[in-house]
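Secondary and tertiary structure notes
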Amino acid sequence: MGTWDGLLTGFAFALQPGVLVYCVLGVTLGTLIGVLPGIGAMAAISLLLPITYYIGAEAALIMLAGVYYGAQYGGAVSSILLRLPGTPQSAVTALDGYPLARSGRAGVALFTSMAASFAGSVLGIVVLVLLAGWLSRAAVAFGAADYAAMMVLGLVAASTIGSAHPAKGFAMIVLGMLLGCVGTDVNSGVQRFVIGRAELLDGINLVALAMGLFGVAEVIGNVRDPGRQAVAGRIALRTLIPTREDLRRMPLPVLRGGALGSFFGALPGTGSTLSSFLAYAMERRVARRPERFGTGAIEGIAGPEAANNSAAITAFVPTLTLGIPGDPIMALMLGALVIHGIQPGPMMLEARPEMFWGLVASFGIGNLLLLVLNLPLIGIWVSLLRIPFRWLYPAILVFVCLGVWSVRGLTFDILMVAGIGLVGYLLALARFNPALLLLGFVLGPLIETNLRRALLISRGDPMVFLERPISAFFVVAAAALLVHSLVQARGRRRAVGAAAPDDGAR
Amino acid sequence: MVKRDWPDIWGGLAIALLGLGAAGWAWITYDPGTLRRLGPGAFPIGLGLALAGLGLAIALPALKRAGAAVTPEPWAAACVLGAILVFGLGLRPLGLVPATALSVLVSTLPAPRPGWLWRAVLAVLVTGLTVLLFHVGLRMTLPLWPRT
């Protein structure tokens, strides 16, 4: 199917009222979740997972994706107005957005972030269409060894790139993979780590795991939050209009940020958070007067916002064409598809054109909706920031319980959420990243299956991973990343030791 | 700042123990197979050992360095988890309405604002919303009230 036919099919599908409504619902919920600090896109998507049982797979994916990129728009609002990042991706937006808001130009900062988000998304969509077609043709040549090696690279990248403590990231991934082993082994039928509970035969419930790790643990961490002291005033629509000077500063950072985000979004293991930080660093480097950054530079909002939105879209490339989620949120999306019995892979563009092209079309529709709805509705989002968390979290908890219960109707799963929530809270206290655990949980079984298949095909010769060029490339890249992060960690330790020689003596 | 990086020490040790336990359990119980035909035990054993190594790699360097202090909120955690347990265990015998209301009351205990009126109002609101969404909207088959 050609690109134009595909797009036509996609728009015809996505504009059906029964599908469009989920797109609207997704982006609205996403913005809402993004605006409210304390609940992230991970928690929102895990909360919505059970609802996807009731609707078609395509509509479910469109809705969940809408939550994801909608949250990117919303996250900027609280970053700019309160210096409280609504989502981790928008943390850098606060660096220049908040000073702008303090100097009375909050409207312009919001406009910049929305416009840059939209432009970045459009760039991301173009890259997604081009890359997905190419990759799904190339991926036909992928064997089991290549898949296993690529997933390992993704996991290594996710825990090392941009991480201050790679060992802790790795530990989370391995723990997740170990949890992924629970249940009946598909190859041999052996029941592993089931501890005599029939409820665990199908493995740990993904919905329970995601809700416990994100929903419950995040609620516990925010319960004592006394409320927002610095609540922003009203934003008049007139103040959204940028000056000609502001407009002139936008296009180049948007293009640079969008390109950077598209690239890093499509790489497995690096996500939209990393790309927004990189985009900010790049804007500072290319700026003629870098000292303006941090005091309200338009470029410091435009670049990162374009980057995180384009990355949020190109992240779907490996997920849909290879069936390999590049980041934890994509792992949840993949989980939602697997719930519907769909295993994405190179054949999906051909076998399920509505799914891929419908999603692409919904990106376009959803982003347009976000742009035209959010600018006039900004007042509503701002007033939402006044709701104290204590009015929200009891309802979140009840929804979590009912959501988990609705999947299989088992009390066991609700109790499981409480247990996983406790573990998630302890992990957060010890500053482990639970998102990586989830990534390992989803990828672990896929890696095991492909690893065993590859060794079976090669008759037990582990060299197969180095003899096949594709897999050799991934293995070498993963090894290089590992060595790099080890060297970096050693360098950091030395630097710390030199700066504070009496650290241990205190 | 505190003298030692306790979160990393305890976290790393717990993870190392968990990894060792999982590897040992898998070693005893499941067949590791051969390289040519990996058994159900091979992957968990490998992962468990890797986890044990990583746990030590986290805990040991942390012994020698200072870390940021952690402020756990045991009361908040207990009430939030308690609310989930109340809901989960109460859903069948009590029905949706009492289970929801009770769970909301338990979960608001650690909220940073005193007084009972707002808690009661919130319990009524959330219960109403839940019944509307899940009973009327999604038509979940759940008893609303205790069976008599």
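Every value quoted in this text rests on a predicted model; they were computed, and no experiment measured them.

1. Notes on the UniProt feature "transmembrane region" (unreviewed entry) in chain B
Residues and elements named next belong to chain B.
- Here the UniProt feature "transmembrane region" (unreviewed entry) sits at residues 9–30, 42–63, 75–96 and 116–138.
- Helix makes up 95% of residues 75–96 and strand 0%, whereas the separation of the span's terminal C-alpha atoms amounts to 26 Å.
- Helix makes up 91% of residues 116–138 and strand 0%, with an end-to-end C-alpha separation of 31 Å.

2. Topic: the domain arrangement of chain B
- Considered domain by domain, chain B is made up of domain 1 (6–63) and domain 2 (74–137).
- A C-alpha centroid distance of 39 Å is found between domain 1 of chain B and domain 2 of chain B.

3. Looking at the environment of Thr112 of chain A
Residue and element names in this part refer to chain A.
- Residue placement: Thr112 occurs in helix H6 (residues 106–138).
- Along the primary structure Thr112 and Ile396 are separated by 284 residues, whereas in three dimensions their C-alpha atoms are 32 Å apart.
- Setting aside anything within four residues of it in sequence, one finds Thr112 in contact with Pro242, Asp246, Met250, Ile298, Ile301 and Ala302.

4. What to know about the interface of chain B and chain A
- Taken residue by residue, the interface counts 59 residues in chain B and 54 residues in chain A.
- For the side of chain B that touches chain A, the secondary structure elements donating two or more residues are helix H1 (6–29), helix H2 (42–63), helix H3 (74–94), helix H4 (96–108) and helix H5 (117–137) of chain B.
- Among the elements that take part in the side of chain B that touches chain A, H3 of chain B stands out by supplying 12 residues, more than any other.
- Here the residues of the side of chain B that touches chain A sort into 39 nonpolar, 11 polar and 9 charged.

5. Regarding unusual backbone geometry
Residues and elements named next belong to chain A.
- The phi dihedral of Phe193 is positive, around 50 degrees, even though this residue is not glycine.
- Relative to the helices and strands, Phe193 is located in the loop between strand E2 (191–192) and helix H9 (206–222).
- A positive phi angle, close to 40 degrees, is found at Ile195, a residue other than glycine.
- If you trace the backbone, Ile195 turns up in the loop between E2 and H9.
- On the basis of neighbour count, Ile195 is assigned to the exposed category, with 8 C-beta atoms found within 10 Å.

6. What to know about the nonpolar core
- Membership of the largest hydrophobic core comes to 221 residues, with the highest contact counts inside it found for Ala44, Ile45, Leu64, Val67, Cys401 and Val417 of chain A together with Val80 of chain B.
- Take this core: its biggest share by element is 17 residues, from helix H4 (residues 57–82) of chain A.
- Here this core spans two domains, and each of domain 1 (6–63) and domain 2 (74–137) of chain B adds at least three residues to it.

7. Considerations on the confidence of the model for chain A
- The predicted model of chain A has a mean per-residue pLDDT of 84, with 94% of residues at 70 or higher.
- Across chain A, helix H19 (residues 411–429) of chain A holds the top mean pLDDT of 93, while helix H22 (residues 469–499) of chain A sits lowest at 78.

8. Observations concerning helix H5 (residues 93–102) of chain A
Residue and element names in this part refer to chain A.
- Among the 10 residues that make up H5, 8 are buried, leaving the element largely enclosed by the rest of the structure.
- Residues Thr93, Ala94, Leu95, Asp96, Gly97, Tyr98, Leu100 and Ala101 constitute the buried set of H5.
- Gly104 sits one or two positions beyond H5 and adopts a positive phi of about 85 degrees.

9. A word on the confidence of the model for chain B
All names here are of chain B.
- Taken residue by residue, chain B gives an average pLDDT of 89. The fraction at 70 or more is 98%.
- At the level of individual helices and strands, chain B shows its lowest average pLDDT in H5, which scores 90, and its highest in H4, which scores 94.
- Across the interfaces of the predicted complex, the ipTM metric reaches 0.93, alongside a pTM of 0.85.

Calculation criteria
Residues numbered from 1 in each chain as written. Chains lettered and ligands numbered in written order. Predicted model: local features only at pLDDT ≥ 70, side-chain atom pairs only at ≥ 80, totals over all residues. UniProt positions renumbered as here; feature names shortened; annotations may be inferred. Helix = DSSP H or I, 4+ residues; strand = E, 2+ residues; numbered from the N terminus. Domains from an automatic or database assignment. Contact = placed C-beta atoms within 7 Å. Nonpolar A, V, L, I, M, F, W, Y, C, P; charged D, E, K, R; others polar. Buried ≥ 20, exposed ≤ 12 C-beta atoms within 10 Å, placed from the backbone. Core = buried A, V, L, I, M, F, W, Y, C linked by C-beta atoms within 7 Å. pLDDT = per-residue confidence, 0-100.

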